[in-house]
Amino acid sequence: MSSNEIPLAQSFVLPCGLKLSNRIVKASMEEMLGNSDNQPNEYIYRLYQRWANVSFGLLLTGNVQVDDRYPGIMTDMMIPSKDKIDIEKWKKYADICQSHGTPTIVQINHAGRQSLSGKRPLLERAIAPSPVSLSFGNNPFVRTLQRLALGTPKEMTRAQIDETIEKFVEAAELMFKAGFAGVELHGSHGYLISSFLSPKTNRRQDEYGATPKDRIRFLLRIIDAIRAVVPSTFAVGVKLNSADYSTGGLTEDEAYDQIRWIDDHGGIDFIEISGGTYEAPAMAGSEDDRRSERTKKREAYFIEFAAKVRNTTKIPLIVTGGFRTREGMNDAIVSNACDFVGIARPVCIQFNLPQILLDPTIPDKDARALQYDIRGSSIFSLIPIPGSRSSCGIVWYNWQMQRVAIENREPDPTLSIHGKLLTVLFKKTKKIIPFFVLLCALWYASLLKEFILNFRMNK
Ligand SMILES: Cc1cc2nc3c(=O)[nH]c(=O)nc-3n(C[C@H](O)[C@H](O)[C@H](O)COP(=O)(O)O)c2cc1C
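A few points on the structure. Everything quoted here is computed from the prediction, not taken from an experiment.

## Some words on the pairing of strand 14 (residues 340–343)
Here's step 1: Burial along strand 14 is two-sided: Phe-340 and Gly-342 facing one way and Val-341 and Ile-343 facing the other are all buried.
Here's step 2: Pairing geometry for strand 3 (residues 24–26) and strand 14, over three bridges, is parallel. Bridging from a neighbouring strand, Val-25 pairs with Gly-342 of strand 14.
Here's step 3: Each parallel crossover has a hand, and the one from strand 13 (residues 317–320) via helix 10 (residues 326–334) to strand 14 is right-handed.

## Overview of the pattern of salt bridges
Here's step 1: The full count for this structure, using the stated rule, is 21 salt bridges.
Here's step 2: Across the salt bridge formed by Lys-89 and Asp-37, the nearest N and O atoms sit 2.7 Å from each other. Remark: Asp-37 occurs in the loop between strand 3 and helix 1 (42–52) and Lys-89 occurs in helix 2 (residues 87–97); sequence separation between them is 52 residues.
Here's step 3: With relative accessibility at 26%, the residue Lys-89 sits in the partly exposed group.
Here's step 4: For Glu-254, the salt bridge identified is with Arg-215, shortest N-O distance 3.2 Å. Note that Glu-254 is positioned in helix 7 (residues 252–265) and Arg-215 in the loop between helix 5 (192–197) and helix 6 (217–227), a separation of 39 residues in sequence.
Here's step 5: Via salt bridges that share partners, Arg-158, Arg-204, Asp-206 and Glu-207 belong to a single interconnected network.

## Things to note about the site of the ligand
Here's step 1: Close contacts around the ligand come from 23 residues, with Ser-28, Glu-30, Asn-63, Gln-107 and Arg-345 the closest.
Here's step 2: Contacts to the ligand include Asn-63, whose side-chain N or O atom sits 2.7 Å from an oxygen atom.
Here's step 3: Between the ligand and Gly-322 there is a distance of 2.9 Å, counted from an oxygen atom to a backbone nitrogen or oxygen.
Here's step 4: Contact with the protein chains hides 98% of the accessible area of the ligand, taken as 620 Å² for the molecule alone.
Here's step 5: Residue contributions to the shell around the ligand peak at four residues, all from helix 13 (residues 388–405).

## A word on helix 2
Here's step 1: Of the residues making up helix 2, those classed as buried are Trp-90, Tyr-93, Ala-94, Ile-96 and Cys-97. Angular distribution of buried residues about the axis of helix 2 spans 165°; they occupy a single face of the element.

## Section: the side chain of Lys-26
Here's step 1: With respect to the helices and strands, Lys-26 occurs in strand 3.
Here's step 2: Glu-31 is the oppositely charged side chain nearest to the buried, salt-bridge-free Lys-26, at an N-O distance of 5.3 Å.
Here's step 3: At a separation of 2.7 Å, a polar atom in the side chain of Lys-26 contacts the main-chain carbonyl oxygen of Leu-60.
Here's step 4: Apart from residues no more than four positions distant in its own chain, Lys-26 is found in contact with Tyr-48, Trp-51, Phe-56, Leu-58, Leu-59, Leu-60, Thr-61, Gly-62, Ile-343 and Val-347.

Rules used throughout
Residues numbered from 1 in each chain as written. Predicted model: local features only at pLDDT ≥ 70, side-chain atom pairs only at ≥ 80, totals over all residues. Heavy atoms only, no water. Buried < 20%, exposed > 50% of the residue type's maximum accessible area, 1.4 Å probe, protein only. Helix = DSSP H or I, 4+ residues; strand = E, 2+ residues; numbered from the N terminus. Pairing = 2+ DSSP bridges. Right-handed = clockwise from strand over helix to strand, strands pointing away. Salt bridge = Lys/Arg side-chain N within 4 Å of Asp/Glu carboxyl O. Near = heavy atom within 4 Å. Polar contact = N/O pair within 3.5 Å; in protein donor to acceptor, adjacent residues only side chain to side chain. Areas by Shrake-Rupley, 256 points an atom, 1.4 Å probe, with all protein chains shown as cover. Arc of directions from axis to C-beta. Lys, Arg positive; Asp, Glu negative; His and termini not counted. Contact = heavy atoms within 4.5 Å.

Such coordinate-based values are descriptive only and should not be taken to indicate function.
This is the structure we're talking about:
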């Protein structure tokens with residue numbers, strides 16, 4: 001197969017004029033490499049150096065927070081305000097990512113109700129469209145933990161909505177000044193924008209939530225305000241959920257309508273399709289995969305939804321989640337379900353995967369991501385929180401990124417979760433070991449209680 005015949009190898013120009021040399025996108029992955037100022041550092045430079053020269057068509061950075069009071073976690077990258085930013089650090093980051101000609105887009109985010117902690121007073125709660133707390137099921141231990149760690153978010157006032165829009169705008173403007181090719185608004189996975197879009201988490205009765213169309217107003221205001229300050233050549237994209245995959249959450253029909261409204265509104269250069277929230281992490285694949293054999297063959301978790309969306313929009317589409325083989329990826333492009341394939345987890349283990357996929361001398365059967373099992377991950381299925389196994393998987397991929405970025409070593413697909421977990425616990429958290437032991441004891445007690453209750457009921 002010559003390179004011209006590999007559909008993945010074809011170039012593409014986004015509406016803003018940005019040319020991408022092929023259809024393979026490195027999808028966003030939170031790197032957890034932030035230190036005290038949460039701005040780019042030597043670790044993140046080293047990591048992106050590895051992705052910069054392996055023939056991706058586009059790099060999307062991990063999510064970068066627009067408000068340091070409400071990040072996902074404290075090691076996230078965060079964009080400070082104009083007067084506090086060290087712009088040289090961001091320029092160096094943009095230069096490294098784009099040093100071999102790969103355009104790089106920064107994913108900008110506000111964690112909303114999924115903000116675990118941030119540069120805010122200890123007892124101050126996170127903010128969200130409505131005061132709806134996260135729910136990880138009915139296990140009493142999990143409910144207690146959830147209350148302690150997250151609590152119920154505060155409903156945003158109109159002034160806070162305006163202020164947050166400004167934060168997104170300032171972040172986009174600064175990323176333009178730093179030399180990045182664009183920004184992607186993180187509108188999926190349950191973070192702030194996504195929680196405005198979902199009927200489960202947006203119960204407002206005002207112009208930001210009273211009707212399904214009102215729920216998209218927050219996102220459209222951000223798009224317009226960013227477009228007003230950046231040149232038309234700067235890419236603005238959005239990552240959206242195809243559905244929340246939880247009771248009462250965003251459905252595929254509603255997500256379809258939202259894409260139609262975004263298309264009517266304009267201002268967007270691409271839409272990346274994903275799904276799920278941290279309460280139901282569909283973006284990492286289902287632990288109980290009930291897709292039809294036909295859909296499984298197409299690999300990507302959200303490909304059927306993308307194919308449907310095609311009928312309603314001309315906005316270029318990226319589909320992320322599940323792609324592992326050249327055949328699967330080519331099929332997605334040739335069938336016109338999407339324009340780009342996003343790849344995340346496999347490229348933490350195999351940085352040169354795009355080169356393999358694009359190499360015409362490698363036959364299709366060998367042009368695929370490495371296959372491996374995450375050692376020790378099966379035990380996490382026993383934790384009574386939906387998606388525990390896939391969430392632990394996410395941590396494992398973070399360790400792989402840290403091996404490369406901090407330890408300057410190669411990724412290790414044989415790394416065992418248990419071994420690494422013990423090392424991390426003993427090295428870094430000696431002081432909290434008694435607390436951790438207490439948590440484990442509480443957890444086992446709650447499991448035991450459920451076991452006894454079930455036993456009695458079955459008797
Ligand atoms: C370690 C890790 C961190 C992630 N961080 C982000 C993130 O910051 N923003 C985002 O939109 N998705 C994030 N994701 C989800 C991925 O972008 C992607 O949607 C998901 O991993 C499915 O794609 P894959 O099957 O190619 O891995 C993350 C995934 C992993 C494994």
